[in-house]
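Given next are the chains, with one letter for each unit.
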Amino acid sequence: MDLPENGIRFDTRAIHAGQAFDPTTGAVIPPIYQTSTYVQDGIGGLRNGYEYSRGGNPTRTALESQLAALEGGIRALSFASGLAAEDALLRTVLRPGDHVVIGNDVYGGTHRLIRRIFGDWGVRHTTVDTSDLDAVREALELGTTKVLWVETPSNPLMKISDIAALAELGDEAGILVVVDNTFASPALQQPIGLGADVVVHSTTKYLGGHSDVVGGALVFAEGQEEVAERVGFTQFAAGAVSGPFDAFLTTRGIKTLGVRMQRHSQNALAIARRLDEHPAVSRVLYPGLESHPGHALAARQMSGFGGMVSIDLAGGAAAARRFAESTRLFQLAESLGGVESLVNYPSEMTHASVKGTEAEVPESIIRLSVGIEDVDDLLADIDAALAQL
Ligand SMILES: *Cc1c(COP(=O)(O)O)cnc(C)c1O
């Protein structure tokens, strides 16, 4: 289907962008191009530019068009994982001696990549609470800071940072403002529209949405054509591309993103409220609760509050461990964003790599990825686990 440039709404874009039917057979779903290479019509006679699948594959191209359309970017690149996407971006724009400012509770793997891999390479970083604009302003080093890395809502503490204000700060400083939009997904938050330069995704999470594929993506804002071109070259030359079947699964997941995020948000709010009433829970970290310090800002820059809920247990580490091992529908596993509910103990699981650093997660914190099961079953599971404390 040829889509008009403007006026197509989010859920329609999610289903149709990059998804033209197969012209040979009329198949409504474009085929999975499970091929490594392409026949040339004479030397250099490429069909639609396809030469070798590290450089390009139609199934990946379809996903990239879909991602760019959803985030409002000029171009998207699909990678083998979220971290592969982050690595390709940072490797392209940073040089030894450069400095990066990152949120103090970003995804543990992002912190590890910047500290351990780029640190060895001579890139310095400062971690800062990105919900505090003055702290961010203070952390920027004139001339050497090249990237401001923002994650909102943050993982796992669910802090909300003001994307528009940070983008303005970054603009004034002449640096690249990158927003990891994994937790909200473009269905709930579109950072490029708020002024971000690049959006990062672990498509493993809500975009894929079914816990059956690992992938990552970068989406570039208008004005970042040159950066997009250079990162595209890094991807081609270094090779961390997504395979055709992974790209297909991600595209398939994205088609239901809008309805899934609505249900994730509804279920998460009900669970956050239930947890908030319980004496064993000292704090519920969910931006949908009026008591959350970022609630008003989240209501402004997001169109829903998402499916991630963290809780701080009054009984500390012992209570947190007991809760995590007591739920049954909420399965104990890393990752998030799938249709099924998961429970995670960040300090020993997703965020074990930041133990002992400034980004350490308290041992009393539990993170829930609330799925789209029947909410009454989820609430019963939570009640039963709380009764164990
Ligand atoms: C999972 C995750 C990543 C890393 O993505 P992978 O696909 O696991 O490499 C980055 N950022 C956030 C917020 C994540 O949740």
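Per an unreviewed UniProt entry, the protein chain goes by Cystathionine gamma-synthase and derives from Agromyces tropicus. Within the UniProt record for the protein chain, the comment given under Sequence similarities (unreviewed entry) is "Belongs to the trans-sulfuration enzymes family."

Colleague: Quick question: what am I supposed to make of the sheet that holds strand β12 (residues 365-369) here?
Modeller: Neighbouring strands of a sheet are bound in pairs by backbone hydrogen bonds; such pairs are parallel or else antiparallel. Spatially, 5 strands are ordered β8-β9-β12-β11-β10 in an open sheet, and the strand pairing comes out mixed. The outermost strands of the open sheet, each flanked by one partner alone, are β8 (281-285) and β10 (331-332). By the bridge criterion, 4 bridges tie β8 to strand β9 (residues 308-313) in an arrangement that is antiparallel. Each bridged residue has a counterpart across the sheet, and for Arg283 the counterpart in β9 is Asp312.

Colleague: What is the right way to look at helix α9 (residues 257-276) in this model?
Modeller: Since there are 3.6 residues in each turn of an α-helix, residues three or four apart along the chain are aligned in direction. Look at α9: 28 Å from first C-alpha to last across 20 residues, which is about the 28 Å you get at 1.5 Å a residue. Every buried residue of α9 is accounted for by Leu257, Gly258, Arg260, Met261, His264, Ser265, Asn267, Ala268, Ile271, Ala272 and Leu275. The inward-facing, buried residues of α9 abut α1 (10-16), α8 (244-254), β8, β9, β12 and α12 (375-387).

Colleague: Before we go on, may I ask you to explain empty space enclosed by the protein in this structure?
Modeller: If a probe the size of a water molecule is rolled over the atoms, the empty space left behind becomes visible. All chains considered together, the criterion is met by 2 cavities of 30 Å³ or more. By volume, the largest cavity is sized at about 40 Å³. Lining the largest cavity we find Gly103, Asp105, Val106, Asp129, Thr130, Ser131, Glu151, Ser154, Lys159 and Ser161. By residue class, the composition of the lining of the largest cavity is 1 nonpolar, 5 polar and 4 charged. Estimates place the volume of the second largest cavity at around 30 Å³. It is α8 that provides the largest number of residues to the lining of the second largest cavity, a total of 3 residues. Here the residues of the lining of the second largest cavity sort into 4 nonpolar, 5 polar and 1 charged.

Colleague: Any chance you could explain the sheet that holds strand β2 (residues 99-103) here in plain terms?
Modeller: Here 7 strands make up an open sheet; going across it, the order is β1-β7-β6-β5-β4-β2-β3 and the pairing mixed. Two strands in the sheet have a free side with no partner beyond their single neighbour: β1 (75-79) and β3 (124-128). Averaged over all pairs of adjacent strands, the angle between their axes in this sheet comes to 20 degrees, without regard to strand direction. Against the sheet, helix α4 (residues 108-120) makes contact with β2, β3 and β4 (145-151), and its axis sits at roughly 145 degrees relative to β3, the strand it touches most. Each of β4 and β5 (176-180) touches helix α6 (residues 163-173); the most contacted strand, β5, lies at about 155 degrees to it.

Colleague: So what exactly am I meant to see when it comes to the site of the ligand here?
Modeller: The environment of the ligand is made up of 14 residues, and the closest members are Leu83, Asp180, Ser202, Thr204 and Lys205. Contacts to the ligand include Thr204, whose side-chain N or O atom sits 2.8 Å from an oxygen atom. Out of a free accessible area of 380 Å², the ligand has 92% covered by protein chains. It is helix α3 (residues 82-93) that provides the largest number of residues to the shell around the ligand, a total of 3 residues. For the shell around the ligand, the per-class residue count stands at 3 nonpolar, 7 polar and 4 charged.

Parameters and conventions
- Residues numbered from 1 in each chain as written.
- Predicted model: local features only at pLDDT ≥ 70, side-chain atom pairs only at ≥ 80, totals over all residues.
- Heavy atoms only, no water.
- UniProt positions renumbered as here; feature names shortened; annotations may be inferred.
- Pairing = 2+ DSSP bridges.
- Helix = DSSP H or I, 4+ residues; strand = E, 2+ residues; numbered from the N terminus.
- Expected span 1.5 Å × (residues − 1).
- Buried < 20%, exposed > 50% of the residue type's maximum accessible area, 1.4 Å probe, protein only.
- Contact = heavy atoms within 4.5 Å.
- 1 Å grid on protein atoms, 1.4 Å probe; cavity = no way out; pocket = protein on both sides within 12 Å on 5 of 7 lines; lining within 4 Å.
- Points joined across faces, edges and corners; volume = space filled by probe spheres on them.
- Nonpolar A, V, L, I, M, F, W, Y, C, P; charged D, E, K, R; others polar.
- Axes fitted to C-alpha atoms, helices over the stretch in contact; angles between N-to-C directions.
- Near = heavy atom within 4 Å.
- Polar contact = N/O pair within 3.5 Å; in protein donor to acceptor, adjacent residues only side chain to side chain.
- Areas by Shrake-Rupley, 256 points an atom, 1.4 Å probe, with all protein chains shown as cover.

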